[in-house]
Amino acid sequence: MDWPALRAAVQSCTRCTLCQERSAAVPGRGGDSAPWLVLATAPNGDDEAQGRPLAGAPGQLLDNMLKAIQVVPDKDAYVATLVKCRPQGDRAPTADELAACRPYLERELALAGSRAIVTLGHTAGKALLGAAARGKVVRLEQIPVVATYHPADLLRKPEDKARAWADLCLARSAFDGRA
Ligand code: SF4
């Protein structure tokens, strides 16, 4: 599956029951060849309305965070969610829903050729790695993964921004082969 086929498959997907809850599936956004993969858990209402993950104010904060570690948003980074359809009430996706959507993530990773992954929020880190652990580099098939805060949480709790900055610096070091 190339990028257009992948996006079309996501938009018409019925692999899990989230297809009955969504108003629109939300494919990832960003560079088709992106050294960084940024991963959140699920689209929210704004993402669904705009058809892109991490839309609105959290997306603007994310873009600024990426620029601060010399990552050009929508070019060097591909932003995606673990499930591409919004669970009603923004509940956490179930294990079955995560498993059903995982092949799309695997394909996104293969197509983008990313060499580092940053997960946003506790659920995304836990779902991808089996445990959410900030402050360290975990390898997923040799790709360094660093877990940090979701930008929406940072907007609610700006006092966590310093810890998020430390996470991003760690991710940058891992990407550069220094961690
Ligand atoms: S969440 Fe993923 S697997 Fe489930 S319907 Fe949406 S695109 Fe398909």
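Here the structure is shown first, and the text comes after it.
Residues numbered from 1 in each chain as written. Predicted model: local features only at pLDDT ≥ 70, side-chain atom pairs only at ≥ 80, totals over all residues. Heavy atoms only, no water.

A. Representation of helix 3 (residues 56–68) in the model. The end-to-end C-alpha separation of helix 3 is 19 Å, in line with the 18 Å expected for 13 residues at 1.5 Å each. The set of residues buried in helix 3 consists of Pro58, Gly59, Leu61, Leu62, Asp63, Met65 and Leu66. Against strand 1 (29–30), strand 2 (36–40), strand 3 (77–81), strand 4 (116–120), helix 6 (151–156) and helix 7 (161–175) lie the buried residues of helix 3. Immediately downstream of helix 3, the backbone of Gln70 shows phi near 60°, a positive value. (Helix = DSSP H or I, 4+ residues; strand = E, 2+ residues; numbered from the N terminus. Expected span 1.5 Å × (residues − 1). Buried < 20%, exposed > 50% of the residue type's maximum accessible area, 1.4 Å probe, protein only. Contact = heavy atoms within 4.5 Å.)

B. Inspection of the packing of helix 1 (residues 3–11) against helix 4 (residues 95–112) at higher detail. Look at helix 1 against helix 4: their axes get within 11 Å of each other, and the N-to-C directions meet at 160°. In terms of their interaxial angle, helix 1 and helix 4 are classed as roughly antiparallel. Remark: the crossing between helix 1 and helix 4 carries left-handed chirality. Every residue of helix 4 that contacts helix 1 at Trp3, Leu6, Ala9 and Val10 is listed here: Tyr104, Arg107, Glu108, Leu111 and Ala112. Its residues assigned to classes, the contact of helix 1 with helix 4 shows 7 nonpolar, no polar and 2 charged. (Axes fitted to C-alpha atoms, helices over the stretch in contact; angles between N-to-C directions. Parallel < 35°, antiparallel > 145°, perpendicular 65-115°, else oblique. Left-handed = near helix turned anticlockwise from the far one by under 90°. Nonpolar A, V, L, I, M, F, W, Y, C, P; charged D, E, K, R; others polar.)

C. View of the environment of Glu21. Note on placement: Glu21 falls in the loop between helix 1 and strand 1. The exposure class assigned to Glu21 is partly exposed, which follows from its relative accessible area of 24%. Between the C-alpha atom of Glu21 and that of Lys75, which follows or precedes it by 54 residues, the distance is 31 Å. Each residue touching Glu21, except ones within four places of it in the same chain, is listed here: Arg86, Pro87, Gln88 and Arg91. Within polar-contact distance, the side chain of Glu21 engages the backbone nitrogen of Gln88 at 2.7 Å. (Polar contact = N/O pair within 3.5 Å; in protein donor to acceptor, adjacent residues only side chain to side chain.)

D. Region of the structure containing the site of the ligand. Near the ligand the following residues occur: Cys13, Arg15, Cys16, Leu18, Cys19, Arg22, Val83, Lys84, Cys85, Ala100, Cys101 and Tyr104. Spatially, the ligand is embedded in the largest cavity. Grouping the amino acids of the shell around the ligand by side-chain chemistry returns 9 nonpolar, no polar and 3 charged. (Near = heavy atom within 4 Å. 1 Å grid on protein atoms, 1.4 Å probe; cavity = no way out; pocket = protein on both sides within 12 Å on 5 of 7 lines; lining within 4 Å. Sits in = over half its atoms within 2 Å of the grid points.)

E. Spatial organisation of helix 1. Within helix 1, burial applies to Trp3, Leu6, Ala9 and Val10. For helix 1, the arc enclosing every buried residue in end-on projection is 125°, short of the 170-degree limit, so these residues lie on one face. Close packing links the buried residues of helix 1 with strand 3 and helix 4. Of the residues that open helix 1, the one with a side-chain oxygen 2.9 Å from the backbone nitrogen of Ala5 is Asp2. (Arc of directions from axis to C-beta.)

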